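Single-letter residue listing:
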Amino acid sequence: MGAVLSYMGSILSYLFGASPAGEDSAVDGQPGVTAFHSSARWQLHFNSIKNTTQLMVIDFAASWCGPCKAMEPAVHAMAAKFTDVEFAKIDVDELPDVAQEFGVQAMPTFVLVKKGNEVDRIVGAQKEELQRKIEKHRR
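For the structure given in this document, a descriptive report is provided here.

Each value, and the rule that gives it
- Residues numbered from 1 in each chain as written.
- Predicted model: local features only at pLDDT ≥ 70, side-chain atom pairs only at ≥ 80, totals over all residues.
- Heavy atoms only, no water.
- Helix = DSSP H or I, 4+ residues; strand = E, 2+ residues; numbered from the N terminus.
- Polar contact = N/O pair within 3.5 Å; in protein donor to acceptor, adjacent residues only side chain to side chain.
- Salt bridge = Lys/Arg side-chain N within 4 Å of Asp/Glu carboxyl O.
- Buried < 20%, exposed > 50% of the residue type's maximum accessible area, 1.4 Å probe, protein only.
- Disulfide = S-S within 2.5 Å.
- Axes fitted to C-alpha atoms, helices over the stretch in contact; angles between N-to-C directions.
- Parallel < 35°, antiparallel > 145°, perpendicular 65-115°, else oblique.
- Left-handed = near helix turned anticlockwise from the far one by under 90°.
- Contact = heavy atoms within 4.5 Å.
- Nonpolar A, V, L, I, M, F, W, Y, C, P; charged D, E, K, R; others polar.
- Arc of directions from axis to C-beta.

Let's talk about the environment of His-37
Stage number 1. Residue position: His-37 is located in the loop between strand S2 (33-36) and helix H2 (39-49).
Stage number 2. In this structure the C-alpha to C-alpha distance between His-37 and Leu-95, which are 58 residues apart in sequence, comes to 6.9 Å.
Stage number 3. One polar contact links His-37 to Glu-94, side chain to side chain, over a distance of 2.5 Å.

Looking at the pattern of salt bridges
Stage number 1. What the rule picks out here adds up to 7 salt bridges.
Stage number 2. Salt-bridge contacts for Arg-121 lead to Glu-118; the nearest nitrogen and oxygen are separated by 2.8 Å.
Stage number 3. For Arg-121, a relative accessible area of 24% corresponds to the partly exposed category.
Stage number 4. Of the charged contacts, one joins Lys-133 and Glu-129 as a salt bridge, the two residues approaching to 3.5 Å between their closest N and O atoms.

Regarding the state of the cysteines
Stage number 1. Inspection of the entire model under this criterion finds 1 disulfide.
Stage number 2. The side chain of Cys-65 participates in a disulfide bridge whose partner is Cys-68; the two sulfur atoms lie 2.4 Å from each other. Negative torsions about the S-S bond denote left-handed disulfides, and the value of about 80 degrees found for Cys-65 with Cys-68 makes this one right-handed.

With respect to the packing of helix H3 (residues 66-81) against helix H5 (residues 127-137)
When two helices pack together, their arrangement is given by the angle between their axes and by how far apart the axes lie.
Stage number 1. Where H3 contacts H5, the two axes come as close as 11 Å, and the packing angle between them is 20 degrees. By the angle between their axes, H3 is roughly parallel relative to H5. For the crossing formed where H3 meets H5, the hand is right-handed. The residues of H5 that touch H3, namely those facing Met-71, Ala-74, Val-75, Met-78 and Lys-81, are Lys-127, Leu-130, Gln-131, Ile-134 and Glu-135.
Stage number 2. In terms of residue class, the contact of H3 with H5 is made up of 6 nonpolar, 1 polar and 3 charged.

Things to note about H2
Stage number 1. Residues of H2 that are buried include every one of Trp-42, His-45, Phe-46, Ser-48 and Ile-49, and no others. Looking straight down H2, one finds that the buried residues subtend no more than 160 degrees of arc, so they occupy a single side.
Stage number 2. The residue sitting at the N-terminus of H2 and contributing the capping side-chain oxygen is Ser-38; that oxygen lies 3.3 Å from the backbone nitrogen of Ala-40.

Given below as structure tokens:
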């Protein structure tokens, strides 16, 4: 049943969660990290995967945040390495309601979610710590 729900969630995400007009897209044209620019699309996507055991890493960042920009290459490398993990990016200025829902108070903040629940959090540009926690929770 879980595989069916996951498959249906993937279809819903494909149909409703990504826009050809670039409303929600791979960051910098690179696959692996999906940036969300609409709260409604984020909610649809989040709801579609929260019943799965797949780990999701949500990167809360801002365009003006230097440490956030410094972390981007590492996050893209992790997305390429951990293909079984979902990576999402939320700009806190574009989607302040989503940032508030997750209690984000500093950037960057990485929230690790499994089955719709937060399993870990890293605040700050700590790439080694992020990688360790991804390795710990991805199974």
